[in-house]
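The residues making up each chain are set out below.
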Amino acid sequence: MSATRLFSPVTLGELTLDNRIVIAPMCTYSAVDGSMTDWHMMHLGMLATSGAGILTIEATAVSPEGRISYADVGLYSDENEQAMGRVLEGIRRMSDMPIAIQLAHAGRKASTEVPWKGGAQIAPDREGGWKTVAPSAVPFQPHYDHPMALDREGLIRIRDAFVEAARRSARLGIDAVQIHAAHGYLLHQFLSPLSNQRADEYGGSLENRMRFPLEVFDAVREVFPSERPVTTRVSATDWADGGWDVAQTVAFAKELEKRGCGAIHVSSGGLAAHQNITLGPNYQVPFARAIKAETTMPVIAVGLITEFEQAEAILVTGDADMVAIARAALYDPRWPWHAAAHFGESVRAAPQYLRCQPRQFKTLFK
């Protein structure tokens, strides 16, 4: 029996995790034409030996124009699937950690330079750039190229692209799918009245703005194996007047729960360039708490969760069912090991690492 909530098991549908530490999806901008490279073998392999409960593959575009940048991972071609399969095969030889994938479409925030080269949008007529799409022809920044507003045919094409990526994920043996409806990307763009100015059945009222994201969820849930969870990541607020907010997020979460959503991962922001975020430890936890109070599906909290006692407190107080770490895992890929040592708990470790167990933590490795 675990003495902590952090290291107690948790179940998502039929998937049971050893502990409640989630490695969140983190873009690394190191793919070629959407295909994973040796970087991903090294990077994901490192995180797959971290002792966390589950590892989430970074935002994976369902179509070429859905990539944030020309260097993003995709799962829209046979070549993409083969490259990802090679990486997963290598990782699974050494780790049995469950692996999830975040399926995404960047919408109007696509066609950008990689962050270490500035991250600005690349114009459609420039190398590495393309015409973006969105619910409405409203750019993320005033000086960005105006996206093309999606017509009904475009919506069907994108929904079907999510479906095909989910089928590819299933063939690859991925344990869970996370649908990306956060951080200002396409599905979040449909949800927020700041970016969705449509006058048809996909715009206007909250019910209409939720329609396309829910259609995508339903379509993915239908084709992904029923015993494997489909989860959703949301931004609980736009941090901007007149935008998406917590009350609307709760309504969206309730609709997702009705449809069998396996868990909801609660983040915030990314939709409005003029957002005004109040940063600090646990700054997004109140959003997770609000959703947990209104739903029964597992809730994942994320955002400046860096300390072991901090993570445990979020779970013990009932604010969330799991905690996700991102930058903290990049800075310290053995964060779960160190948390387990701090609490006197145990984690799984590759047999090649067993001899490194410090003598003062005699039960650290299972």
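Residues numbered from 1 in each chain as written. Predicted model: local features only at pLDDT ≥ 70, side-chain atom pairs only at ≥ 80, totals over all residues. Heavy atoms only, no water.

## Examining the packing of aromatic side chains
Right, so step 1: What the rule picks out here adds up to 10 aromatic pairs.
Right, so step 2: Relative to Phe365, the ring of Trp337 has its centre 4.8 Å away and its plane inclined at 65 degrees; by these criteria the two rings are edge-to-face. Residue Trp337 is found in helix 10 (residues 335-343), and its partner Phe365 is found in the segment after helix 10; the two are separated by 28 residues along the sequence.
Right, so step 3: Classification of Trp337 as buried rests on a relative accessible area of 8%.
Right, so step 4: The class for Phe365 is buried, based on a relative accessible area of 10%.
Right, so step 5: An aromatic cluster is present here, built from Phe190, Tyr202 and Phe212 joined pairwise through their rings.
Right, so step 6: In this structure, Lys109 packs its charged tip against the face of Tyr185, placed 4.8 Å from the ring centre.
Right, so step 7: In this arrangement the basic side chain of Arg334 is found over the ring face of Trp337, its NZ or CZ atom lying 4.6 Å from the centre. (Phe/Tyr/Trp six-rings, centres within 6.5 Å; stacked < 30°, edge-to-face > 60°. Helix = DSSP H or I, 4+ residues; strand = E, 2+ residues; numbered from the N terminus. Buried < 20%, exposed > 50% of the residue type's maximum accessible area, 1.4 Å probe, protein only. Lys NZ or Arg CZ within 6 Å of the ring centre and 35° of its normal.)

## Notes on the UniProt feature "domain: NADH:flavin oxidoreductase/NADH oxidase N-terminal" (unreviewed entry) in the protein chain
Right, so step 1: Under the present numbering, the feature "domain: NADH:flavin oxidoreductase/NADH oxidase N-terminal" (unreviewed entry) in UniProt falls on residues 6-341.
Right, so step 2: The span residues 6-341 is 34% helix and 15% strand, and its two end C-alpha atoms sit 12 Å from each other. (UniProt positions renumbered as here; feature names shortened; annotations may be inferred.)

## Here's the deal with empty space enclosed by the protein
Right, so step 1: Per the counting criterion, the structure on display carries three cavities of 30 Å³ or more.
Right, so step 2: Taken together, 14 residues make up the lining of the largest cavity; nearest its centre are Ile54, Thr56, Gln178, Thr231 and Ile300.
Right, so step 3: The set of elements that each furnish at least two residues to the lining of the largest cavity consists of strand 4 (54-61) and strand 8 (176-181).
Right, so step 4: In terms of residue count, strand 8 provides more of the lining of the largest cavity than any other element does, three residues in total.
Right, so step 5: When grouped by side-chain class, the residues that make up the lining of the largest cavity number 10 nonpolar, four polar and no charged.
Right, so step 6: Taken as a whole, the second largest cavity holds about 50 Å³ of empty space.
Right, so step 7: The wall of the second largest cavity is formed by Ala59, Ala61, Gly66, Arg67, Ile68, Asp72, Ala104, His105, Ala106, His180 and Tyr185. (1 Å grid on protein atoms, 1.4 Å probe; cavity = no way out; pocket = protein on both sides within 12 Å on 5 of 7 lines; lining within 4 Å. Points joined across faces, edges and corners; volume = space filled by probe spheres on them. Nonpolar A, V, L, I, M, F, W, Y, C, P; charged D, E, K, R; others polar.)

## With respect to the environment of Gly242
Right, so step 1: Locating Gly242 in the fold gives a position in the loop between strand 9 (230-235) and helix 6 (246-258).
Right, so step 2: For Gly242, a relative accessible area of 59% corresponds to the exposed category.
Right, so step 3: Residues Gly242 and Ser192, spaced 50 residues apart in sequence, show a C-alpha to C-alpha distance of 8.8 Å.
Right, so step 4: Dropping the residues within four chain positions of it, Gly242 is found in contact with Pro193 and Leu194. (Contact = heavy atoms within 4.5 Å.)

## Let's talk about the layout of surface pockets
Right, so step 1: Computed from the structure, the largest pocket encloses a volume of approximately 1200 Å³.
Right, so step 2: Taken together, 40 residues line the largest pocket, and the ones lying closest to its centre are Pro25, Tyr29, His183, Tyr185 and Arg327.
Right, so step 3: Listing elements by their share of the lining of the largest pocket, those giving two or more residues are strand 12 (322-325) and helix 9 (327-331).
Right, so step 4: Top contributing element to the lining of the largest pocket by residue count: helix 9, with three residues.
Right, so step 5: Looking at side-chain class alone, the lining of the largest pocket contains 23 nonpolar, 13 polar and four charged residues.
Right, so step 6: Within this model, the second largest pocket holds a volume of roughly 250 Å³.

## Some points on unusual backbone geometry
Most of the time, phi is negative for any residue but glycine, and the peptide bond is trans.
Right, so step 1: Phi at Asn282 is positive, roughly 65 degrees, even though this residue is not glycine.
Right, so step 2: With respect to the helices and strands, the residue Asn282 is situated in the loop between strand 10 (264-267) and helix 7 (285-294).
Right, so step 3: Here the phi dihedral of Leu304 falls at roughly 55 degrees; this positive angle occurs in a residue that is not glycine.
Right, so step 4: With respect to the element layout, Leu304 can be found in the loop between strand 11 (299-302) and helix 8 (308-316).
Right, so step 5: The exposure class assigned to Leu304 is partly exposed, which follows from its relative accessible area of 43%.

## Things to note about helix 6
Right, so step 1: With 13 residues, helix 6 should reach 18 Å at 1.5 Å per residue; the first-to-last C-alpha distance of 18 Å fits that figure.
Right, so step 2: All of the buried residues in helix 6 are Gln248, Thr249, Val250, Phe252, Ala253 and Leu256.
Right, so step 3: Of the surrounding secondary structure, the elements contacted by the buried residues of helix 6 are strand 8, helix 4 (186-191), helix 5 (206-223), strand 9, strand 10 and helix 7.
Right, so step 4: Where helix 6 begins, the capping side chain belongs to Asp245, and its oxygen is found 3.4 Å from the backbone nitrogen of Ala247.
Right, so step 5: Directly beyond the C-terminal end of helix 6, a positive phi value near 90 degrees is found at Gly260. (Expected span 1.5 Å × (residues − 1). Polar contact = N/O pair within 3.5 Å; in protein donor to acceptor, adjacent residues only side chain to side chain.)

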